[in-house]
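# Working through the structure, step by step
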Amino acid sequence: MSNSVAVRFITDVAGCRHFQYVEQQVWQCADLDVAPHHILITVAHHGGLLLGAYAADGPAQSGGMVGGLLGWPGLSQQPDGSWRVKHCSHQVGVLPRWQRMGVALALKLAQRAAVLEQGMTDWVTWTYDPLRRANGVFNLHRLGGSSCTYIRDFYGPLTDGLNAGAPTDRCEVDWRLQSPRAQAAAAGIESAIDWQTAGLQRLLPPPHTPALLFTAPVLAVPVPDDVDALRVAAPQELLPWREYMRAVLEHAFAAGYVMQDCILLPAHGWHYILQRAA
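Please read all numbers here as calculations on a predicted model, not as lab measurements.

## What about the overall build of the protein chain?
Scanning the protein chain from terminus to terminus reveals seven helices and 11 strands. Radius of gyration (C-alpha) of the protein chain: 19 Å, near the 19 Å computed for a compact globule of 278 residues. For the C-alpha atoms alone, the extent of the protein chain along its principal axes is close to 55 × 45 × 40 Å. Here the protein chain, with 278 residues, has 47% of them falling under the buried criterion. Across the protein chain, the fraction of contacts at a sequence separation of at least 24, relative to all contacts at a separation of at least 6, is 64%. Summed over its atoms, the accessible surface of the protein chain is roughly 13,400 Å², and 56% of this surface lies on carbon and sulfur atoms. When the 20 basic and 23 acidic side-chain charges of the protein chain are each reduced to a single mean position, those positions are 3 Å apart.

Rendered as structure tokens:
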């Protein structure tokens, strides 16, 4: 990441307006779908996190902001009916020119530090589309998150440029900030796990119908390399991929598997790695 990029808390209306600009550019959304500035400022002043990543040569329209993050304290109901405090991370976005330069990582690590400093929880959750392979790599491999929750059509129909015309199925990421995986990831330590020696069962991609009888300790579930490129080149393949991922992950999670990683298997492409929970 460029040394000129700095992450700062957003606490004023001008910063909220700049966040809205970044939001529109990243998600290609209409004015109606942009987070209202009065909600953003309320979150920022009442325990939530509104962060901006700024660059000296960032756009004037955003006050130099090239990326932003939004999250707030939340509650999650446990199996026994009790409620547990967590941090709900809602959005992280980086302007196209600044993507793949470490800006998103800087925002997430700043979020991690801020949540730990608040002292209320060390558990952060957010959702993402499991067909977005780059997000899977970032959430699981780079940050040390995991997932065991699949939610069908979580947001209902969306009209923005990234989601229009497709079911909004999502995986919920659990980021346990004090876990060995998350601590190693925060320190920049690459995972040394060789999943291919861990009893791995590799599933075939669509149009194959997935075999849903899982007995192996580790599953490798294929994921498209670039869903946006697929949307342009072969849009007819998107729904089969969605249905495939939905069937596999729902069944695997119900059978006790946890999604732990997203890696490139030589000669086989990108795969999610699911491990049977102890």
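## Regarding the pattern of salt bridges
Close approach of charged atoms lets side chains of opposite charge pair. Following the criterion strictly, the structure yields eight salt bridges and no others. For R133, the salt bridge identified is with D225, shortest N-O distance 3.0 Å. Residue R133 is found in helix 4 (residues 133-142), and its partner D225 is found in the loop between strand 9 (218-222) and helix 6 (227-233); the two are separated by 92 residues along the sequence. Shared partners join several salt bridges into a network, and the residues in it are D129, R170 and R242.

## Examining the packing of aromatic side chains
Within the structure shown, the criterion is met by four aromatic pairs. Taking the centre distance of 5.5 Å and the plane angle of 80 degrees together, the rings of W126 and W175 count as edge-to-face. Here W126, found in strand 5 (residues 123-128), pairs with W175, found in strand 7 (residues 170-176); they are 49 residues apart in sequence, far enough to count as distant. In this structure, W126 and W175 share a single accessibility class: buried. Lying across the ring of W123, K86 places its NZ or CZ 5.6 Å from the centre. Its guanidinium or amino end placed over the ring of W270, R133 lies 4.3 Å from that ring's centre, counting from NZ or CZ.

## Some words on unusual backbone geometry
Here the bond from P206 into P207 is cis, since omega is 10 degrees, no more than 30 degrees from zero. Of note, P207 is situated in the loop between strand 8 (200-202) and strand 9. The phi torsion at R100 lies on the positive side, around 60 degrees, for a residue other than glycine. Relative to the helices and strands, R100 resides in the loop between strand 4 (83-94) and helix 3 (103-118). One non-glycine residue, A267, lies in positive phi territory at about 70 degrees.

## Quick word on the environment of Q260
Along the polypeptide, Q260 turns up in strand 10 (residues 257-265). The exposure class assigned to Q260 is buried, which follows from its relative accessible area of 16%. Spatially, the C-alpha atoms of Q260 and L274 are 5.7 Å apart, while their sequence positions differ by 14 residues. Contact partners of Q260, with chain neighbours within four places excluded, come to L140, G145, S146, R181, W195, I273 and Q275.

## As for the nonpolar core
If you look at the biggest cluster of nonpolar residues, it comprises 39 residues, and the most contacted ones within it are L219, V221, M245, L249, M259, Y272 and L274. Not counting residues up to four positions away in its chain, the partners in contact with L274 are P217, V218, L219, V221, L249, A252, F253, Y257, V258 and M259. Counting residues in hydrophobic clusters, the runner-up holds 29 residues, among them W27, V94, V103 and L162.

## A word on the side chain of N163
Along the chain, the position of N163 falls in the loop between strand 6 (146-151) and strand 7. Note on N163: relative accessible area 10%, which makes it buried. Within the structure, the side chain of N163 is placed 2.9 Å from the side chain of R170, a separation counted as a polar contact.

## Thoughts on helix 3
Given 3.6 residues to a turn, an α-helix orients residues that are three or four positions apart in the same direction. Spanning 16 residues, helix 3 covers 23 Å between terminal C-alpha atoms, matching the ideal 22 Å at 1.5 Å per step. Note on helix 3: the residue one or two positions beyond its end, G119, has a positive phi of about 80 degrees.

## Looking at the side chain of D169
Looking at the secondary structure, you find D169 in the loop between strand 6 and strand 7. On the basis of relative accessibility, which here comes to 0%, the residue D169 falls in the buried class. At a separation of 2.9 Å, a polar atom in the side chain of D169 contacts the main-chain amide nitrogen of D153.

Conventions used here
- Residues numbered from 1 in each chain as written.
- Predicted model: local features only at pLDDT ≥ 70, side-chain atom pairs only at ≥ 80, totals over all residues.
- Heavy atoms only, no water.
- Helix = DSSP H or I, 4+ residues; strand = E, 2+ residues; numbered from the N terminus.
- Rg over C-alpha atoms; globule rule 2.2 N^0.38 Å.
- Buried < 20%, exposed > 50% of the residue type's maximum accessible area, 1.4 Å probe, protein only.
- Contact = heavy atoms within 4.5 Å.
- Areas by Shrake-Rupley, 256 points an atom, 1.4 Å probe, with all protein chains shown as cover.
- Lys, Arg positive; Asp, Glu negative; His and termini not counted.
- Charge placed at Lys NZ, Arg CZ, Asp CG, Glu CD.
- Salt bridge = Lys/Arg side-chain N within 4 Å of Asp/Glu carboxyl O.
- Phe/Tyr/Trp six-rings, centres within 6.5 Å; stacked < 30°, edge-to-face > 60°.
- Lys NZ or Arg CZ within 6 Å of the ring centre and 35° of its normal.
- Core = buried A, V, L, I, M, F, W, Y, C linked by side-chain atoms within 4.5 Å.
- Polar contact = N/O pair within 3.5 Å; in protein donor to acceptor, adjacent residues only side chain to side chain.
- Expected span 1.5 Å × (residues − 1).

Keep in mind these numbers describe shape, not what the thing actually does.
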